[in-house]
Amino acid sequence: VENDGEALSDEQLARLGERFYRPEGQDEIGSGLGLSIVQRIAALHGMNVRFARRDGSRGMRVTVGHLWTGRTEKALREVGRLARAQVGEGATVQA
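Read on for an overview of the structure.

Leu 16, Val 49, Phe 51 and Met 60 are the most contacted members of the largest nonpolar core, which has 19 residues in total. Put simply, the parts of the chain that give this core at least two residues each are α2 (34-44), β1 (48-53), β2 (60-65) and α3 (72-87). A per-element tally of this core places α3 first, with five residues. Excluding its chain neighbours within four sequence positions, the residues that come into contact with Met 60 are Val 1, Glu 2, Asn 3, Leu 8, Leu 16, Leu 35, Phe 51, Ala 52, Arg 53 and Arg 54.

Dropping the structure here:
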């Protein structure tokens, strides 16, 4: 999942999966739980979540790594839906 929001520092990217963490300067309303929930759901299905900067100066990329099993495909769709909801409606999802 990608968005084109403000660029985040290395420290901010490293903390994105923490419960209740919200990077300073965010105008968005939220509790800081969304991406930690995405990370937990992924972990329960044997997947991992990585946060990185997009190519270029703006935005971020959320990557879900997975092992393909029968139930993993369904879980990947759910994690993508949740991640897209947290990153923004204009975000794109690649599988």
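On we go from here.
Our focus in this paragraph is the pairing of β1. Every other side chain in a regular strand lies on the same face of the sheet, so the side chains alternate between the two faces. Across six bridges, β1 lies against β2 in antiparallel orientation. When the bridges of β2 are listed, Arg 53 appears paired with Met 60. The turn linking β1 back onto β2 is made up of six residues, and Gly 56 within it adopts a positive phi angle of 105 degrees.

A few words on the pattern of salt bridges. Pairs can form between side chains of opposite charge once their charged atoms are near each other. One pass over the structure, following the stated rule, counts four salt bridges. Between Arg 53 and Asp 10 there is a salt bridge, with the nearest N and O atoms lying 2.6 Å from each other. Taken together, the residues span a long stretch of sequence, with Arg 53 in strand β1 and Asp 10 in helix α1 (residues 10-15) at a distance of 43 residues. Looking at Arg 53, the relative accessible area reads 34%, which means it is partly exposed. Salt-bridge contacts for Arg 15 lead to Glu 18; the nearest nitrogen and oxygen are separated by 3.0 Å. Given the relative accessible area of 31%, Arg 15 is considered partly exposed.

About the cut-offs
Here the residue numbers are simple positions, counted from 1 along each chain's written sequence. In view of the model being predicted, local features appear only for residues whose pLDDT reaches at least 70, and side-chain atom pairs are presented and counted only at 80 or more, with totals across whole chains, interfaces and linings using the full set of residues. With hydrogens and water excluded, all non-hydrogen atoms of the structure serve as input to the side-chain values. Put simply, a nonpolar core is a bunch of buried Ala, Val, Leu, Ile, Met, Phe, Trp, Tyr and Cys residues held in one set by side-chain atoms that sit within 4.5 Å of each other. Buried, partly exposed and exposed residues are distinguished by accessible area as a fraction of the type maximum, computed with a 1.4 Å probe on protein chains only: under 20%, between the cut-offs, and over 50%, respectively. Helical segments are the DSSP runs of H or I of at least four residues, strand segments are the runs of E of at least two, and each set is numbered from the N terminus. Here a residue-residue contact requires only that any non-hydrogen atoms of the pair lie within 4.5 Å. At least two DSSP bridges between two strands are needed for those strands to be called paired. One speaks of a salt bridge when a side-chain nitrogen belonging to Lys or Arg is within 4 Å of a carboxyl oxygen belonging to Asp or Glu.

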